[in-house]
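# A structural walkthrough
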Amino acid sequence: MKTRNLLLIILTFIVLYSFGQERVVYVDFESSSFKNNPTIPFEDPFIIQGEVFKDVEFVEVEVFNENSEKSIHVFTWNRGDNNNTETFSIVIPGVLKSNSKYDIKIKTYKLMSAQQKVALSDNIRQRVKYYLLNSFIFNGQSVEINKHKKTFHGLQVLISEGLTHIRTKNNIELTAPSSLVLSEMESQSDFKFNDFLKKTKIFEKDSLANSLIEKKVEHLTEIIMAEIMPFINTNLVQHHRMVLVKSVSTDKEKFTMPINFGMYAWSKSVDINNTQIKNLDFTPAIGITIPFSPRSTLLSQSRFIDSYGYSIGVMIKPVKDANGTSYITPGIRLPVYTGIGVRFFKVIRFNAGILILAEDGVQDFSKLSILPTAGLAIELNLWMGLKK
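Structural notes, computed from the coordinates. Bear in mind the structure is a predicted one, so any value in this text is a computation, not a measurement. The written sequence of each chain sets the order in which its residues are numbered from 1. Selection of residues for local features in this predicted model requires a pLDDT of at least 70, selection of side-chain atom pairs for listing and counting requires 80 or more, and totals for whole chains, interfaces and linings are taken over all residues. The basis for every side-chain value is the complete set of heavy atoms in the structure, and neither hydrogens nor water enter the calculation.

## Comments concerning the packing of aromatic side chains
As a reminder, the rule being used: To pair, rings of Phe, Tyr and Trp, with the six-membered ring standing in for Trp, must have centres within 6.5 Å; the planes then decide the type, stacked if under 30 degrees apart, edge-to-face if over 60, and tilted in the middle. Numbering goes from the N terminus for both helices and strands, where a helix is a DSSP run of H or I of at least four residues and a strand is a run of E of at least two. The cut-offs for exposure are 20% and 50% of the maximum accessible area for each residue type, with area from a 1.4 Å probe on protein chains only; residues under the lower value are buried, those over the upper are exposed, and the others partly exposed.
Per the counting criterion, the structure on display carries 4 aromatic pairs. Between Phe 29 and Phe 88, the ring centres sit 6.3 Å apart and the planes meet at 70°, which makes this aromatic pair edge-to-face. With a gap of 59 residues between them, Phe 29 in the loop between β1 (23-28) and β2 (33-34) and Phe 88 in strand β6 (residues 87-92) connect regions that are remote in the sequence. The exposure classification of Phe 29 matches that of Phe 88, with both residues buried.

## Re the sheet that holds β2
So the rule is basically this: For two strands to be treated as a pair, DSSP must find at least two bridges joining them.
Ordered in space as β2-β1-β3-β6, the 4 strands form an open sheet in which the pairing is mixed. Each edge of the sheet is formed by a strand with only one pairing partner; in this case those strands are β2 and β6. Pairing of β1 with β2 involves 2 bridges; the strand directions are antiparallel. Within β2, the residue paired with Val 27 across the bridge is Phe 34.

## Observations regarding helix α3 (residues 148-162)
Applicable threshold: A helix is expected to span 1.5 Å for every residue after the first. For this quantity, the arc is that covered by the directions from the helix axis to the C-beta atoms.
Counted at 1.5 Å a residue, the expected span for α3 with its 15 residues is 21 Å, and the 21 Å between its end C-alpha atoms agrees. Taken residue by residue, α3 has Thr 151, Phe 152, Gly 154, Leu 155, Leu 158, Ile 159 and Gly 162 as its buried positions. Viewed along the axis of α3, the buried residues span an arc of 160°, placing them on a single side of the element. In α3, the exposed residues that point more than 90 degrees away from the buried face are Lys 149, Lys 150 and Glu 161.

## Focus on the side chain of Ser 311
Defined as follows: Two N or O atoms form a polar contact when they lie within 3.5 Å of each other; inside protein one atom must be a possible hydrogen donor and the other a possible acceptor, and for residues adjacent in sequence the pair counts only when both atoms belong to side chains. Residue contacts follow a heavy-atom distance rule, with two residues in contact if any of their heavy atoms lie within 4.5 Å.
Structurally, the position occupied by Ser 311 is in strand β14 (residues 305-315). When its relative accessible area of 0% is taken as the criterion, Ser 311 is described as buried. Separated by 2.8 Å, the side chains of Ser 311 and Thr 289 make a polar contact. Here the side chain of Ser 311 touches Asn 351 through a polar contact of 3.2 Å, side chain to side chain. Excluding residues that lie within four positions of it along the chain, Ser 311 makes contacts with Asn 260, Ile 288, Thr 289, Tyr 337, Thr 338, Gly 339, Arg 349 and Asn 351.

## Considerations on a nonpolar patch on the surface
Under the convention used in this document: Any residue with relative accessible area above 30% and no salt bridge may belong to a patch, with like charges joined within 9 Å and the nonpolar Val, Leu, Ile, Met, Phe, Trp and Tyr side chains within 5 Å. All accessible-area figures derive from a Shrake-Rupley calculation using a 1.4 Å probe, and residue coverage is judged against the displayed protein chains alone. A carboxyl oxygen of Asp or Glu within 4 Å of a side-chain nitrogen of Lys or Arg is what we treat as a salt bridge.
On the surface, Ile 288, Ile 290, Phe 292, Tyr 310, Ile 312 and Ile 340 cluster together to form a nonpolar patch covering roughly 510 Å² of accessible area. On the secondary structure map, Ile 288 appears in strand β13 (residues 275-291). Taking the relative accessible area as the measure of exposure, Ile 288 reaches 32% and is therefore partly exposed.

## Here we look at the packing of α3 against helix α4 (residues 179-187)
Axes are the key here: two packed helices are described by the angle between their axes and the distance separating the axes. Using the following cut-off: A fitted line through C-alpha atoms serves as each axis, taken over the contacting stretch for helices, and the angle formed by two N-to-C directions is quoted from 0 to 180°. Should an angle fall under 35 degrees it is called roughly parallel, over 145 degrees roughly antiparallel, and 65 to 115 degrees roughly perpendicular, with every other angle called oblique. In a left-handed crossing the near helix is turned counterclockwise from the far helix by less than a right angle, and in a right-handed crossing that turn is clockwise. When residues are sorted by character, Ala, Val, Leu, Ile, Met, Phe, Trp, Tyr, Cys and Pro go into the nonpolar class, Asp, Glu, Lys and Arg into the charged class, and all the rest, Gly among them, into the polar class.
Remark: α3 packs on α4, axes separated minimally by 10 Å, with the N-to-C direction vectors making an angle of 140°. When the axis of α3 is compared with that of α4, the two are oblique. For the crossing formed where α3 meets α4, the hand is right-handed. The residues of α4 that touch α3, namely those facing His 148, Lys 149, Thr 151, Phe 152 and Leu 155, are Val 181, Leu 182, Met 185 and Glu 186. Across the contact of α3 with α4, the residue classes tally to 5 nonpolar, 2 polar and 2 charged.

None of the figures reported here should be taken as evidence of function without further support.
This is how it looks when you write it as structure tokens:
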């Protein structure tokens, strides 16, 4: 009955935590600040919320280290088809560092019209065509692209920069230019222009070379645009407004010690009349946890698991087999457990490990035995009165 009550308490903690409220930080677009200049959490998720017009379809939040130009995290809000509110909310997971400062950039986007998308595709086409025209060379013998891979990389940069202020609501990735374009660029050198025009005068060769270059550029441009158009034909949004909130401080981290209390399962076998009899039972235990790195990529992506760690502790009473023989850890007078586990919802820890046992009264450490165990415990961070 006691075991059932403890498990019920643990489940209650899980439910209460699952429905806990996250801190909300309100952005003021007029003053480029967070209202009341609050600090923000570093290990708990929080929400950035703000007011926007109904025609704002997309909001992007970029997080920078203070005074840095390279973002370290990007989070987005994408208005749903049936959402007519004038408020956006973006959840920021607990991936920041304590006692640090960040610059936070909030950008809003509005839906592009059909005419705007036509103008965008025309602009990209002209830029691609101009770039390719300046990449072809005629050396008197052949027409080819100078330094294929370098030119291909330049195309990637050109297209990316042309779409810097554009996002898609459909989450379709832009793949242009693809490896097909690179292959087409490399194949241009296979055509031997000099063999084609052996009897042609020099000035005629130049004229025909320019005409050939035009055709090749047009061919490559059409291939590239065919790869870009599926992206342009999605629900594109264009950058409308931006605010930069400078030097936002995170909360200071308290120095805590994770203390856990729970029930651990074990099974102790005993040989009675040449028959192995197992005694499966649960025993209360108390211990501490030494967390592993709290900033791992896996932890930052999980909303439920927040800590991996090594735990050690003691059971509050000896382990007994089917004969009633007690087992403890010598020198401690209680069974010592150790194990590795994960913490869920910041309060529930699951550990799998071992018990280090010897029969009560035995002081010979050579007679120690190892018994597997697994347990579920409530874990709370006990504040030691200091801040890092």
